[in-house]
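# Breakdown of the fold
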Amino acid sequence: MSTTRRPRDGLLARVNFPLYAVDMLTSRHVLVAGGGGSSKTGVANGFEIYEIFHNGQHFCAQEIVRYETGANVVMNFAVRNEGRRALLCAGQESHCQIYFVNPRVLSDDGKEEVSIISDYKSYKDNHDVRAHENGLRNRRNTTSSVEDLPNGHTASATGDKQPLPTVPPDQNSNMKRQLKFDIKIGNSVQSDFLPTEPLQRVVRIGPNGDIMVTGGTDGHLRVWSFPKMSLISDINAHTKEIDDIDISPDSKYIITIAKDRLGIVWDIKTSKRHYDLNWETPEGIKYLYKRCRYGTIETQRDQYRLFCIANPLGKVGKQRGYLQQWDCSTGTLRLAVGIDESLSSLAVRDDGRFVAIGTMFSGSVSMYIAFSLQRVLHVDNAHSMFVTGLQFLPVTNEEGPPVSSDTEAAVLSISVDNKVCIHSLQQRHTIPAWLAIILIVIVLLAAFTLCSYLGL
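Residues numbered from 1 in each chain as written. Predicted model: local features only at pLDDT ≥ 70, side-chain atom pairs only at ≥ 80, totals over all residues. Heavy atoms only, no water.

### A closer look at the overall build of the chain
Rule in force here: Secondary structure elements are taken from DSSP: a helix is a run of H or I of four residues or more, a strand is a run of E of two residues or more, and numbering for both begins at the N terminus. Whether a residue is buried, partly exposed or exposed follows from its accessible area with a 1.4 Å probe, protein chains only, as a fraction of its type maximum: under 20%, in between, or over 50%, in that order. Contact between two residues is taken to exist if any of their heavy atoms lie within 4.5 Å; hydrogens are not considered. Each accessible area is a Shrake-Rupley estimate made with a 1.4 Å probe; only the visible protein chains count as cover when residues are assessed.
Scanning the chain for helices and strands turns up two helices and 31 strands. By the burial criterion, 55% of the 456 residues in the chain qualify as buried. Within the chain, contacts between residues at least 6 apart in sequence are counted, and of these 54% link residues at least 24 apart. With an accessible surface of roughly 20900 Å², the chain has 50% of that area assigned to carbon and sulfur atoms.

See below:
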């Protein structure tokens with residue numbers, strides 16, 4: 001039986017174009033992307049970078065960069081943080097375009113202090129660029145939160161049209177520091193070759209950063225060297241367009257799902273089919289896999305699970321969508337939870353503890369415990385339209401210190417309604433271990449005294 005705790009937070013930021021993809025650029029910066037398409041609709045195409053922080057009461061977002069991509073809408077992307085820079089691989093119609101994202105910290109007089117991500121991590125540690133202990137930060141007045149949200153943005157690609165966000169000054173200096181991201185265009189490769197209207201649907205970068213995989217409307221799974229983007233293998237994986245791809249945490253396998261109703265796990269080394277995902281559908285109804293994600297197992301970091309969402313195919317009345325957990329060693333379905341509508345998005349937290357789903361019609365977001373698929377959070381009508389993407393705030397320190405807050409988990413959601421929302425799970429209040437031991441001792445002593453008094 002699911003137990004749902006009260007949701008917190010809500011609207012975090014609003015942009016002026018539909019959103020299709022979201023991912024963390026660093027442990028504290030989120031990148032959202034989308035657009036109105038190549039037609040002259042007047043709706044921009046591009047992406048925005050926000051810094052996420054917690055002010056002691058709720059999460060807030062500070063816009064850092066807005067970058068427009070001209071006529072090319074960004075439908076999907078993947079991020080790789082290489083230490084000296086971050087690489088953004090964006091799906092733009094039939095091509096995959098690389099962008100170089102270089103952070104810089106500037107002093108008040110415009111002099112550069114830090115120009116690479118690894119130095120910025122060290123700078124944050126030494127200068128306390130994180131939230132203060134009391135949860136308060138000095139922000140400029142364009143900071144957006146669930147209580148104070150601007151309706152538009154005017155920052156350029158490098159933030160030159162507006163003052164850059166200030167970070168806390170050095171204790172030994174009165175000079176303020178500013179964070180800035182420089183974005184430069186890199187190489188581009190064609191990743192989908194459908195004769196009519198080719199489109200890259202998904203891109204992923206391997207955990208080791210040595211491969212990139214793409215899938216699209218031609219049904220081919222393509223594996224590329226990264227960041228050189230030279231083709232390693234081209235697998236005719238599906239007869240219809242690929243909807244989603246993910247790479248296992250040990251970089252041994254790739255999962256692809258497509259509109260031919262197949263879910264296939266591939267061996268990266270041999271480019272051969274490892275196994276198919278097969279399950280007994282309820283009442284013989286045809287189901288279509290929609291999204292897939294690998295997630296590590298909390299207590300066994302070298303082990304992992306596979307999560308999928310599946311929807312009934314066609315008009316089937318009151319049939320339910322399903323959140324599934326698969327055993328990666330045997331390829332068998334372990335757990336499945338029915339949801340009363342079709343599902344559109346899926347995310348797994350970096351430590352593998354929580355899973356989140358977004359819905360197709362009500363725009364709702366739910367969070368589940370990964371190992372049991374017990375629902376712990378539900379936000380009804382989080383968006384006015386279907387949820388196009390979800391991303392958990394990270395809790396590991398791989399890309400720097402995570403955002404400090406009083407929550408157990410927080411997930412970002414985006415939609416074509418132009419909104420970026422955040423939904424957090426309250427900490428469960430438990431008594432300290434030492435207090436529990438004292439209470440147990442007191443109860444035992446009281447029971448012993450009572451038994452002695454009664455002569456038992």
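Picking up after the structure, the text goes on.
### Quick look at the confidence of the model for the chain
For clarity, the cut-off: Per-residue confidence from the predictor is given as pLDDT, running between 0 and 100.
Per-residue confidence for the chain gives a mean pLDDT of 83; residues scoring 70 or more make up 79%. Overall, residues 1–7 carries pLDDT values under 50, and its contacts beyond four positions in sequence, including any with other chains, amount to 24 contacts.

### A short note on the pairing of strand E3 (residues 29–35)
What counts, and what does not: Here, any two strands with at least 2 DSSP bridges between them count as paired.
Extensive coverage of E3 is indicated by the burial of seven of its seven residues. What you see with E3 is no split at all: His 29, Leu 31, Ala 33 and Gly 35 on one side and Val 30, Val 32 and Gly 34 on the other are buried throughout. Here strand E2 (residues 19–24) folds back onto E3, and the loop between the two strands holds four residues. Bridge count for E3 against strand E4 (residues 45–54) is seven bridges, and the pairing is antiparallel. Each bridged residue has a counterpart across the sheet, and for Val 32 the counterpart in E4 is Glu 48.

### A word on the sheet that holds strand E26 (residues 354–359)
Note the threshold: Lines fitted to C-alpha atoms define the axes, with helix axes restricted to the stretch in contact, and inter-axis angles between N-to-C directions lie between 0 and 180 degrees.
Here we have four strands laid out as an open sheet, ordered E25-E26-E27-E28, and antiparallel in their pairing. Among the strands making up the open sheet, the edge pair consists of strand E25 (343–348) and strand E28 (374–379). On average, each strand axis in the sheet is inclined to that of its neighbour by 20°, with strand direction left out of account. Across five bridges, the pairing between E26 and strand E27 (residues 365–369) is antiparallel. Looking at the pairing, Phe 354 lines up with Ile 369 of E27.

### Some thoughts on the state of the cysteines
Stated formally: By convention in this document, the label disulfide applies to cysteine sulfur atom pairs within 2.5 Å.
Taken as a whole, this structure holds zero disulfides when the rule is applied. For the unlinked cysteine Cys 89, the closest cysteine sulfur is that of Cys 96, found at 4.9 Å.

### Looking at the sheet that holds strand E20 (residues 272–276)
Taken in spatial order, the four strands make up an open sheet running E17-E18-E19-E20, and their pairing is antiparallel. The open sheet has two edge strands with one neighbour each: strand E17 (242–247) and E20. This sheet shows a mean twist of 25° between the axes of neighbouring strands, independent of strand direction. Here strand E19 (residues 263–267) runs beside E20; their pairing, made up of four bridges, is antiparallel. Among the inter-strand pairings, Asp 267 is bridged to a residue of E20, identified as Lys 272.

### A short note on the UniProt feature "repeat: WD" (unreviewed entry) in the chain
What counts here: UniProt positions are given in the numbering used here, feature names are shortened, and annotations may be inferred rather than shown by experiment.
Listed under "repeat: WD" (unreviewed entry) in the UniProt record, and renumbered for this structure, are residues 203–234 and 235–276. In residues 203–234, the share of helix is 0% and the share of strand is 59%. The end C-alpha atoms are 14 Å apart.

### Here we look at the packing of aromatic side chains
The geometry of two aromatic rings is summed up by the distance between their centres and the angle between their planes. Cut-off, in case you're wondering: Any pair of Phe, Tyr and Trp rings, taking the six-membered ring for Trp, is counted once the centres come within 6.5 Å. Such a pair is stacked with planes under 30 degrees apart, edge-to-face with planes over 60 apart, and tilted for the rest.
Inspection of every chain in the model, using the stated rule, returns seven aromatic pairs. For the ring pair Phe 47 and Tyr 67, a centre distance of 5.2 Å and an interplane angle of 15° mean the geometry is stacked. Within this pair, whereas Phe 47 is found in strand E4, its partner Tyr 67 is found in strand E5 (residues 59–68), the two being separated by 20 residues in sequence. The same class applies to Phe 47 and to Tyr 67, which are both buried. Here the aromatic rings of Tyr 67 and Tyr 99 are separated by 5.6 Å at their centres, their planes lie at 75°, and the arrangement is edge-to-face. You can see Tyr 67 sitting in strand E5 and its partner Tyr 99 sitting in strand E8 (residues 95–107), a full 32 residues away along the chain. Its relative accessible area of 11% is what places Tyr 67 among the buried residues. Judged by its relative accessible area of 3%, Tyr 99 is buried.

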